[in-house]
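Per-entry structural report
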Amino acid sequence: MQIDLENKNLTESEREGVLELLDSQNHTINNDLEQIWYLLDKVWDDMGCDNKNLDWEKIADYYKHPVWLLNGLFIESDPLSMSIRKSIAHFIAQKNFKKICDYGGGFGSLSKEIAALCPQSQIFIYEPFPTQYAKSCIATFENISFIDKLEPQTYDCLVSTDVLEHVDDVLLCFEGMLESLRYGGVALLGNCFYPVIKCHLPKNFHYRYSFKYFAKAMGAQFDGVIKGAEYVEIYTKQSKTKNPKFIIGGGQVDCSLLLSQYLIH
């Protein structure tokens, strides 16, 4: 895997971290995507992380590691990754959304595509601790800004790619996303509930089958997928957000029970 680091506005420490990672590649791997997966897993193991016995202090440090900077640089150099982001941006442009939240948007690879097509829209990247490099990446875009909290019932569209498979509580996180949308607002979710890399938590893998049912129970309607980015699902907020972990008939229920009811009906 070759990554051009020229004219990237990296700090010296960021550059050194990326170069060290590039030097630690597995030279028996010829596919660039598999190479970045290898490096993400290597750092996970080196930092002593475990996806079944979760130590969130270690995992928090893992997500601050330069390997995620390298991952972002890889995305911007990978034709397939950028094609997916362009398809998402075109969908958003066609819908003429005015306030857009890019949830966990890194250093703005998707937001920049949206901003170019939607110059009259406001794009907010929800990233509580953006790096200096991330800030430099969006410096020339007047309609993109970082935010460290979500405002309730504010956004016309929230887009989140490759986030929920990493989190401790998928439904609680999705609940927060829905609460930030106005009624009729749209959540665009690209989830990968599969064991592609070790930081995809196994306890979340059942959502590859169940997520649509929980979304419906929480007040969101599934409306298909985005052409050209078919792993990104479209959900429209239709009612007050409910978390099915806690709310059904005023009492607490088991999620598996609720899911079985939807599957039967």
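These numbers were taken from a predicted model, which means no experiment stands behind them. (Residues numbered from 1 in each chain as written. Predicted model: local features only at pLDDT ≥ 70, side-chain atom pairs only at ≥ 80, totals over all residues. Heavy atoms only, no water.)

**Observations regarding the sheet that holds strand E7 (residues 229-237)**
So the rule is basically this: Note: two strands are recorded as paired if DSSP finds a minimum of 2 bridges between them. Helix and strand assignments follow DSSP, with helices taken as H or I runs no shorter than four residues and strands as E runs no shorter than two, numbered in order from the N terminus. Here an angle of 0 to 180 degrees is reported between the N-to-C directions of two axes, which are lines fitted to C-alpha atoms, with helices fitted over the stretch in contact. Any pair of residues with heavy atoms lying within 4.5 Å of one another is described as a contacting pair.
Spatially, seven strands are ordered E3-E2-E1-E4-E5-E7-E6 in an open sheet, and the strand pairing comes out mixed. Whereas interior strands pair on both sides, the edge strands pair on one side only; in this sheet they are strand E3 (144-147) and strand E6 (220-226). Ignoring strand direction, the axes of neighbouring strands in this sheet form an average angle of 25°. Across five bridges, E6 lies against E7 in antiparallel orientation. Bridged to Ile 226 within E7 is Ala 229. Strand contacts of helix H6 (residues 109-117): strand E1 (99-103), strand E2 (122-126), E3 and strand E4 (155-161), with the helix running at about 175° to E2, the strand carrying the most contacts. Helix H8 (residues 170-180) contacts E1, E4, strand E5 (181-190), E6 and E7 of the sheet and is inclined by roughly 135° relative to E5.

**Points about the packing of H8 against helix H9 (residues 207-217)**
The following threshold applies: For classification purposes, an angle smaller than 35 degrees is called roughly parallel, one larger than 145 roughly antiparallel, one from 65 to 115 roughly perpendicular, and anything else oblique. Left-handed describes a crossing in which the near helix is turned anticlockwise from the far one by less than a right angle; the clockwise case is right-handed. In this count, Pro and Cys sit with the nonpolar residues alongside Ala, Val, Leu, Ile, Met, Phe, Trp and Tyr, while Asp, Glu, Lys and Arg are called charged and the others, Gly among them, polar.
At their nearest, the axes of H8 and H9 sit 12 Å apart, and the two run at 40° to each other. Classified by the angle their axes make, H8 and H9 are oblique. The way H8 lies across H9 gives a crossing that is right-handed. For the pair H8 and H9, contact is made by Val 170, Leu 171 and Phe 174 and by Tyr 207, Phe 211, Phe 214 and Ala 215, respectively. Residues belonging to the contact of H8 with H9 are distributed by class as follows: seven nonpolar, no polar and no charged.

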